[in-house]
Structures are given as structure tokens and as C-alpha cells.
Amino acid sequence: MPTTDGLYLGLISGTSADGIDAALVRFDEGRPSLVAGLTHPWDDTLRRRILAVAQDEDRLALDDYGRLDVAVAHAFTDAAQAVLAKAKVSHTAVAAIGSHGQTIRHRPDGPLPFTLQIGDPSVIAERCGIDTIADFRRADVAAGGQGAPLVPAFHATVLRPENGARVVLNLGGIANVTRLSAAGDVTGFDTGPANGLMDAWCLRHRGEAFDRDGRFAASGSVDATLLAELLDDAYFVLPPPKSTGREHFHLTWLDTHPRVADNTPEDVQATLLALSAVSIADAIERHAGDASDVVACGGGVHNAALMRALAERLPGRELVTSSVFGIDPDFMEAMAFAWLAYRRLRGEPGNLASVTGARGPRLLGALYAAP
């Protein structure tokens, strides 16, 4: 079993299921560098099925669940093979794949906490011919943790500041923040929606998977009363550790607010963008107020309107993307799961109890051997 440096492949599809990110990563004395990355598109029918299940619109029979698990695995395999072809790298050169899978339910609280990601790793290992590490979150949940976010440990590896404190902001379907300090302490949590609600609203009213450059939102006006009602959700004032997902912040949740029906679609989109920006900025102010800069990554960095709104609400802090530090913001998370696979094969823990609230460090992920 390989336990040293080399090539690893990370795969993830986030809350919005807007594509499968694949990153081929080289580790040299533990230092990661991106060799190649791409975002593989979902089949539209499969994506809609995933989104319906993830926000509890559709309850699955066991046969339907099994088929969806395998269908997602084949899509992940296609993404892995596509990035290898792009890099002109043989599968035999890759030590392992770290596959996050597709989250369809995340319930880390309550008497029987659980988190569920699909995308059968045995299928990925079989088709790719590469050992595959998957099921990264459940060991942390079993240890009393949230199981998320897991990327802060990777952020600490690649973006720790030389002085003071820094925030790393991941703008996926859900936003999460990581506070890093030069002294080495790390905290982080999910703040609430980033792109997920906006993507879902855009799909409903425009038939488009996301709001390109935030133009749909920019065409509307914020309803301050609706924004205040949305911000009144109890999640925003919960103390960390905490995590959330589409099972909480989804269109059914949005539709429970009567003022939504009184607004035009573009005004609701503008208000959803403001919800993301305000909740993120408030979380940074409350829990990382000493940070001098905010390093953004994830698909939301391409939403110009969202980035402007964040900059306005983070006065006195420099807002940049991870590209300033040589890390493609589109592939930060996929790189993190390549890193988690690397850690797993080295027998090193992948979680941070200071982030997830677990009882201690845990070895994350299960190995599915290639034929």
C-alpha cells in the first residue's frame, strides 16, 4: 500500500450539484500542487434527481436508492477518467482516489446523528483501476463531531498566515469559513447558504443551473423585510461547531416565508444574494473578527455580484481569491479530498476536533481496493 508522495486524485460534488470537480494532485514532501483540474457536468436528469432527493422533496425506495448510488458513481468515474486524460497520466501512476461522493442528507445532530454521501466507491475503484478512499465524514460523526466542514485542515496546510489571523471562505452551495492563525490554531464552520439557494431559485425561474456573474440578482432589488425574516432563522445564531446543507436551506424552506410570493423572481434572487453576503460577513465578524484578510474559493468567486456584496460588508479586510496564493479556487475542495486520501494512506488523521467538535482526531475514509 503506498504511503509516500506521488499523484492522488480528488473528487467532489457539492451541495448545489452543479458539477463534479476532479483534481489531480502531486504531493512532494507533503506539499500539494495541482497537476490538472476540471469540472465534469452532470447529466441534467440525474442532477435534478439528486437535488430533489437532497432537499427531501422525494423519498426513495431502496431500489431507487441503490440505482442512484451507482449512477452517481459512474458519473464520478467519468470525471476521474476525464481529468487523467486531460493530464495525459495513466491510472497506474495514481496512488489513490479520494472521493467525497454526493451528499444527499446531513443530520449530525439529534439522538442518532448521521451523514450520507452516495457514489459507490467500489464502482469507481473497479472502473478506474485505482484504490479509492471514500466515506470520509462518518468516522467524525461517530466520534460526536459534525462531520463537516473537513476542508479547514487542508486550508491550514496551504494557507496558514505568517502573522496574525486569516479567514478562508469557501463559497460552495453552502458557505464555510476557516479561521487560521500564525500560532497554528484552526477553527471553522458552515455559515449557511452561499450559492445553493440562489442556484435553486435560478433553476426554478430561469431554467439555468446557476446565476452567471450574478446578473439575475443584479437585475432585482433587495426586500429588506424578507431579508430580515430569512436571517431570523435559528441556524445563524447557533455557536460553532455547526454544519448544514440543502436539507435545511432549500426552496421549501424559502417558500415558507409569505413575502417570497409578493416579490418578483429577480427581487427574491437579489435578496438571496444579500442573505448569503450578510450571514457570511456576520459570521466572520463574530468568530474571526481579528482576521486581516479573507481568501475566497469555490464556485461563488465567479459571481461578481456576490463578491462585490461581500467586499462591501467586510470593510477593513482584504478580500482576495485563493489564486493569489497559486491555488485555483475552483479546485480547492477537490484538492482537499486528494489530501485526505493521502493522509488516509499514511495512517494520519484527517479531521480537526477544534472544527467539527469530535472527541479527538480520527482516521477518515475507508479503502476500496482496485482489482
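Below you will find a few notes about this structure. (Residues numbered from 1 in each chain as written. Predicted model: local features only at pLDDT ≥ 70, side-chain atom pairs only at ≥ 80, totals over all residues. Heavy atoms only, no water.)

**What about unusual backbone geometry?**
For clarity, the cut-off: Note on conventions: DSSP H or I runs of at least 4 residues are helices, E runs of at least 2 residues are strands, and numbering of each starts at the N terminus.
Cis peptide bonds are those with omega within 30 degrees of zero, and the linkage from A148 to P149 qualifies with -10°. Position of P149 relative to the elements: it lies in the loop between α4 (138-142) and α5 (151-159). For the bond from P240 to P241, the omega torsion is 5°, close enough to zero to count as cis. With respect to the helices and strands, the residue P241 is situated in the loop between α8 (224-231) and α9 (251-255). The residue A17 is not glycine, and still its phi comes out positive at about 50°. Among the secondary structure elements, A17 is positioned in the loop between β1 (6-13) and β2 (20-28). Of note in the backbone geometry, E29 takes a positive phi value of approximately 55° without being a glycine.

**Focus: the pairing of strand β9 (residues 186-193)**
Keep this limit in mind: Residue burial is assigned from relative accessible area. The probe radius is 1.4 Å, only protein chains are included, and a residue is buried under 20% of its type maximum, exposed over 50%, and partly exposed in between. Two strands qualify as a pair provided DSSP detects at least 2 bridges between them.
Burial of β9 is extensive: seven of the eight residues sit out of reach of the surface. Strand direction decides the pairing type here: strand β8 (residues 174-181) and β9, joined by seven bridges, are antiparallel. Looking across to β9, one finds that R179 is bridged to T187. Connecting β8 to the antiparallel partner β9 that follows it, the hairpin turn spans four residues, and G184 within it adopts a positive phi of roughly 110°.

**Details of the environment of P111**
By the element assignment, P111 lies in the loop between β4 (94-107) and β5 (114-118). A relative accessible area of 84% means that P111 is categorised as exposed. Spatially, the C-alpha atom of P111 lies 19 Å from that of P239, the residues being 128 residues apart in sequence.

**Structural notes on the packing of helix α6 (residues 196-206) against helix α10 (residues 265-287)**
Where we set the bar: Fitting a line to C-alpha atoms yields each axis, with helices limited to the stretch in contact; the angle taken between N-to-C directions then spans 0 to 180 degrees. Note on angle classes: values under 35 degrees are labelled roughly parallel, values over 145 roughly antiparallel, values of 65 to 115 roughly perpendicular, and the remainder oblique. Note on definitions: a residue-residue contact is assigned when non-hydrogen atoms from the two residues lie within 4.5 Å. For this classification, Asp, Glu, Lys and Arg are treated as charged, while Ala, Val, Leu, Ile, Met, Phe, Trp, Tyr, Cys and Pro are nonpolar and the rest, including Gly, are polar.
Interaxial distance between α6 and α10 falls to 9 Å at its minimum, and their mutual angle equals 170°. When the axis of α6 is compared with that of α10, the two are roughly antiparallel. Residues L197, M198, W201, C202 and H205 of α6 pack against P265, V268, Q269, L272, L273, L275 and S276 of α10. In terms of residue class, the contact of α6 with α10 is made up of nine nonpolar, three polar and no charged.

**Describing the nonpolar core**
For clarity, the cut-off: What we call a nonpolar core is a set of buried Ala, Val, Leu, Ile, Met, Phe, Trp, Tyr and Cys residues that are connected through their side-chain atoms within 4.5 Å.
Residues L171, L254, L272 and L310 are the most contacted members of the largest nonpolar core, which totals 46 residues. Residue contributions to this core peak at 11 residues, all from α10. Non-local contacts of L272, meaning those with residues more than four positions away in its chain, are made with L197, M198, W201, L230 and L254.

**Quick look at the packing of α8 against α10**
Put simply, the rule is: In this scheme the crossing of two helices becomes right-handed for a clockwise turn of the near helix relative to the far one and left-handed for an anticlockwise turn of less than a right angle.
At their nearest, the axes of α8 and α10 sit 10 Å apart, and the two run at 50° to each other. On the basis of their axis angle, the class for α8 and α10 is oblique. Along this stretch, α8 crosses α10, giving a crossing that reads as right-handed. Along the contact surface, α8 presents L226, L227, L230 and L231, while α10 presents T271, L272, A274, L275, V278 and S279.

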